[in-house]
Protein chains: 2
Amino acid sequence: VEKEGLFYPPDPASRGSCFIGGNLAECSGGPRAVKYGVTKDYVLGVEAVCADGTVIRHGGKLLKNVTGYNLTQTLIGSEGTLAVITKVFLKLIPLPPYRLTMLALFPSLESSARAVPAVMNSGVIPSALEFIEGEAIAITSRHLGREIPQSEAELLIELDGDREQRVNEGAEIVCEQAMSLGAEDVLLADSAQKQQELWDMRRAIGEAVKSLSIYKEEDTVVPRSNFVPLVLGVKEIAARHGVTTVCYGHAGDGNLHVNILKMDLPDEVWNRDLDKTIEEIFSLTISLGGTISGEHGIGYSQKKFLPLAFSPEEIELMKRIKDAFDPKGILNPGKIFP
Amino acid sequence: VEKEGLFYPPDPASRGSCFIGGNLAECSGGPRAVKYGVTKDYVLGVEAVCADGTVIRHGGKLLKNVTGYNLTQTLIGSEGTLAVITKVFLKLIPLPPYRLTMLALFPSLESSARAVPAVMNSGVIPSALEFIEGEAIAITSRHLGREIPQSEAELLIELDGDREQRVNEGAEIVCEQAMSLGAEDVLLADSAQKQQELWDMRRAIGEAVKSLSIYKEEDTVVPRSNFVPLVLGVKEIAARHGVTTVCYGHAGDGNLHVNILKMDLPDEVWNRDLDKTIEEIFSLTISLGGTISGEHGIGYSQKKFLPLAFSPEEIELMKRIKDAFDPKGILNPGKIFP
């Protein structure tokens, strides 16, 4: 749609291989969510097939709709457990023609994390505000065989807009904020090619980190203002358990991806301590007003942790909603619920 | 929150008397929805009390959240039939400091309706784009005892933004569009007081029209591009049934409020023909890709028309969702479902 001057903002990391139906089922996010919101914010209606073959339709090319329950929003993010989405009405917005990407280098995790709320409170709303710890940069640099400016922690910041001057002014404000909070340098990528290189690096991090070791990835999310205690707390918990973590993610959303790596830990220690480490990380996340998945969903691998986020009554209510849609439990059985 | 430079956009007509809990229960809209969306777009989480007294919590100060089903969005717009909302996390955005309001006068219903998609396609996204038919203006002028520029149909258009120059440039584009589509005049309200006068007029229309006669108000909504056939079709249906309609509403959202007035129709004709007239209007709405309520909800008075919008299977599914939340049916009994 960009060829038509239109814009569909959600851009999950799986953008090269995912389908729009999967995006709806998972309520996909991505870096641009900080300015533009997530998948649910762009879905105006759906057609879906229920477990018994019934076709249901809800919404359409409508900006307002309070006719019956909001079946569309109930289905978005339900991980394929309620119905199979077969048609979708998406909202498109005008494509902002100007874009500017920056990489801010910080001397410590803490200083970079502190810059996140400062940038967000500067009056400029970036279209991406990504946090990458130095270890992730180093691993990705080796993985890609490419030189990437190294530091203890980096913020990848993108601004967009429909006026070049506004975007440039915003970049100046963001630069000043970053420098005043201790950034060692802010590199500007003002050409499309340089921007592409930064995003290629960002998008390669997951694969690079995961190629090192057996791993488990967590998808913690907290109120943006609690991003600093989340990052520092995760590091403290990991250090206490003697496990390696590599962290990066969508800092502007308070959404931190924590990769817990086995590396050379003995199997018995990994098997014994992994769940305990994750539970402590999730308990911290929840104590900070957050929850256990921002954009990846629960599926199989996180379902045992669902009771950390919800009371038994809340889980029972969700199961009754599942039953209302799929009484025989044939749609994505075994997902979400422990 | 505006004193803090922040902005909560939803502004239903009931803003002087409604509560935020009711806004959530109805997914309230209002004029600004055309640019800013409706209530559901600003709710990040809720606490609610279920029919059995269980307190449930979902979401929070989180921009991303795919942990379990989206209970928050299921509750928004459910008209108090699923749970009682007792706490809410709302998203606020920066308050746009500049605002400019215009009243465009047109020689016919059709020319004003045609200007709606034209304005929306001009690249400027107005913060309000209200349609008012001439009869509504005349009635409101008499009701308020105030002179209001008269024409066959008018568009009340508001632009806002964080740069005065941008707002003024947008106004020029909108003016040109309106004039090129046949507007007789476009009046600019550039002072806060003149803007207030225009909005006071707009907000008085409902009361003014309804003071004339026994009435029933409909809340039709269609894709914006079908606003012209909706307005003309409603007038044709009303003329065929010999009933008076006065129409106004949020044209930028395709949301037309149709007031059907009894006036001096004999009781037996009104009682015989009213439902038939409404059914024809709703059937037209649905054939244009729309639905029967954009922002007012179904409640008691529209529930008999719900089967026009949904299949029996869709209504049964919604009833099973109701049962999942409120198995004894004690919350707002008798609402929504026929």
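Residues numbered from 1 in each chain as written. Chains lettered and ligands numbered in written order. Predicted model: local features only at pLDDT ≥ 70, side-chain atom pairs only at ≥ 80, totals over all residues. Heavy atoms only, no water.

> What's the story with the packing of helix α4 (residues 109-120) of chain B against helix α8 (residues 227-241) of chain B in this structure? I'm lost.
For any two helices packed against each other, the geometry is given by the interaxial angle and the distance between the axes. All names here are of chain B. Running from N to C, α4 and α8 cross one another at 155 degrees; their axes reach a closest spacing of 8 Å. The angle between α4 and α8 falls in the class roughly antiparallel. You can see that α4 and α8 cross each other, and the crossing is right-handed. Taking contact as the criterion, the partners of Leu109, Glu110, Ala113, Arg114 and Val116 in α4 are, on α8, Phe227, Val228, Val231, Leu232 and Lys235. (Axes fitted to C-alpha atoms, helices over the stretch in contact; angles between N-to-C directions. Helix = DSSP H or I, 4+ residues; strand = E, 2+ residues; numbered from the N terminus. Parallel < 35°, antiparallel > 145°, perpendicular 65-115°, else oblique. Left-handed = near helix turned anticlockwise from the far one by under 90°. Contact = heavy atoms within 4.5 Å.)

> Mind showing me how you'd approach the side chain of Ser213 of chain B here?
You can see Ser213 of chain B is positioned in the loop between α7 (192-210) and β10 (215-221). Classification of Ser213 of chain B as buried rests on a relative accessible area of 13%. (Buried < 20%, exposed > 50% of the residue type's maximum accessible area, 1.4 Å probe, protein only.)

> It is not clear to me how the relation of the copies chain B and chain A should be interpreted in this structure. Could you clarify?
Both copies of the chain are related by a screw-like operation: a rotation about an axis and a shift along it. By a simple turn and slide, chain B fits onto chain A: the slide is 0.0 Å along the axis, the RMSD is 0.0 Å, and the turn is 180 degrees. When the rotation and shift are considered jointly, the pair of chain copies conforms to a two-fold rotation axis. (Least-squares fit on C-alpha atoms with pLDDT ≥ 70 in both.)

> Got a minute to help me understand a nonpolar patch on the surface in this structure?
Side chains of Val1, Leu6 and Leu92 of chain A sit close together on the surface and give an oily, nonpolar patch of about 230 Å² of accessible area. Inspection of the secondary structure assignment puts Leu6 of chain A in strand β1 (residues 6-7). (Patch = residues over 30% accessible without salt bridge, like charges linked within 9 Å, V, L, I, M, F, W, Y side chains within 5 Å. Areas by Shrake-Rupley, 256 points an atom, 1.4 Å probe, with all protein chains shown as cover. Salt bridge = Lys/Arg side-chain N within 4 Å of Asp/Glu carboxyl O.)

> Would you explain the sheet that holds strand β4 (residues 84-90) of chain A in this entry?
Two strands in a sheet stick together by hydrogen bonds in their backbones, pointing the same way (parallel) or opposite ways (antiparallel). All names here are of chain A. Ordered in space as β3-β2-β4, the three strands form an open sheet in which the pairing is antiparallel. What marks the edges here is a single partner per strand, and that holds for β3 (55-59) and β4. Ignoring strand direction, the axes of neighbouring strands in this sheet form an average angle of 15 degrees. Summarising the sheet, strand β2 (residues 43-49) and β3 pair through five bridges and their orientation is antiparallel. Bridging from a neighbouring strand, Val49 pairs with Val55 of β3. (Pairing = 2+ DSSP bridges.)

> Would you explain helix α9 (residues 267-287) of chain A in this entry?
Residues lying three or four places apart along an α-helix face the same way, a consequence of the helix completing one turn every 3.6 residues. Residues and elements named next belong to chain A. End to end, α9 covers 30 Å across 21 residues, agreeing with the expected 30 Å (1.5 Å per residue, within 8%). Remark: the principal bend of α9, roughly 40 degrees, maps to Asp273. All of the buried residues along α9 are Val269, Trp270, Asp273, Leu274, Thr277, Ile278, Ile281, Phe282, Leu284 and Thr285. One or two positions beyond α9, positive phi appears at Gly289, with a value near 85 degrees. (Expected span 1.5 Å × (residues − 1). Bend = angle between axes of the 7 residues up to and from the residue.)

> Sorry if this is basic, but what is going on with the packing of aromatic side chains here?
Two measures describe an aromatic ring pair: the distance that separates the ring centres and the angle between the ring planes. By the definition in use, this model includes ten aromatic pairs over all chains. Judged by centre distance (5.6 Å) and plane angle (80 degrees), the rings of Tyr69 of chain A and Phe337 of chain B are edge-to-face. Taken together, the residues Tyr69 of chain A in the loop between β3 and α3 (71-75) and Phe337 of chain B in the segment after α11 (312-325) connect one chain to another. Since its relative accessible area comes to 2%, Tyr69 of chain A is described here as buried. (Phe/Tyr/Trp six-rings, centres within 6.5 Å; stacked < 30°, edge-to-face > 60°.)

> Explain helix α11 (residues 312-325) of chain A here, please?
In this model, α11 of chain A (14 residues) spans 20 Å end to end at C-alpha, consistent with the 20 Å of a helix rising 1.5 Å per residue. Among all positions in α11 of chain A, only Glu314, Ile315, Leu317, Met318, Ile321, Lys322, Ala324 and Phe325 of chain A are buried. The elements touched by buried residues of α11 of chain A are α3 and α10 (306-309) of chain A together with β3 (55-59), α3 (71-75) and α11 of chain B.

> Help me out: how do you make sense of the nonpolar core in this one?
Soluble globular proteins tend to bury their nonpolar side chains together. Counting residues in hydrophobic clusters, the biggest one holds 155 residues, and the most contacted among them are Met102, Phe131, Leu155 and Leu256 of chain A together with Phe131, Leu155 and Leu256 of chain B. Beyond its immediate stretch of four places on either side in the chain, Met102 of chain A contacts Leu155, Leu156, Ile157, Leu159, Ala171, Val174, Cys175, Val186, Leu187, Leu188 and Leu198 of chain A. (Core = buried A, V, L, I, M, F, W, Y, C linked by side-chain atoms within 4.5 Å.)

> In this structure, what is going on with the pattern of salt bridges? I would like to understand it.
Opposite charge on two side chains lets them pair, provided their charged atoms get close. The full count for this structure, using the stated rule, is 45 salt bridges over all chains. As a salt-bridge pair, Asp162 of chain A and Arg166 of chain B come within 2.8 Å of each other at their nearest N and O atoms. Note that Asp162 of chain A is positioned in the loop between β8 (153-161) and α6 (164-180) and Arg166 of chain B in helix α6 (residues 164-180), a pairing that runs across two chains. As a salt-bridge pair, Glu316 of chain A and Lys319 of chain A come within 3.8 Å of each other at their nearest N and O atoms.

> Sorry if this is basic, but what is going on with the interface of chain B and chain A here?
How large an interface is tends to be reported as the accessible area lost when its parts come together. The interface is formed by 69 residues belonging to chain B together with 69 residues belonging to chain A. Contact between chain B and chain A buries roughly 5300 Å² in total, counting both sides, with carbon and sulfur atoms accounting for 62%. Inspection of the chain B/chain A interface yields eight salt bridges. Linking Lys64 of chain B and Asp253 of chain A is a salt bridge whose minimum nitrogen-to-oxygen distance equals 2.8 Å. Summed over the shared surface of chain B and chain A, the number is 27 residue pairs in polar contact (both at pLDDT 80 or more). The element that contributes the greatest number of residues to the side of chain B that touches chain A is α11 of chain B, accounting for nine residues. The residue makeup of the side of chain B that touches chain A, split by class, is 29 nonpolar, 23 polar and 17 charged. (Buried area = accessible area lost by both parts, 1.4 Å probe. Polar contact = N/O pair within 3.5 Å; in protein donor to acceptor, adjacent residues only side chain to side chain. Nonpolar A, V, L, I, M, F, W, Y, C, P; charged D, E, K, R; others polar.)

> Explain the sheet that holds strand β11 (residues 244-250) of chain B to me, please; I cannot follow it from the model alone.
All names here are of chain B. The antiparallel open sheet is built from seven strands, whose spatial order is β9-β6-β8-β7-β11-β12-β10. The open sheet has two free edges, formed respectively by β9 (185-189) and β10, since each of these has just one partner strand. When strand polarity is set aside, the average angle formed by the axes of neighbouring strands in this sheet is 20 degrees. Of the strand pairs in this sheet, strand β7 (residues 128-133) and β11 are connected by two bridges, and their pairing is antiparallel. Of the residues in β11, the one forming a bridge with Phe131 is Gly249. Sitting on the sheet, α6 touches β6 (98-106), β8 (153-161) and β9, and the angle it makes with β6 is about 10 degrees.

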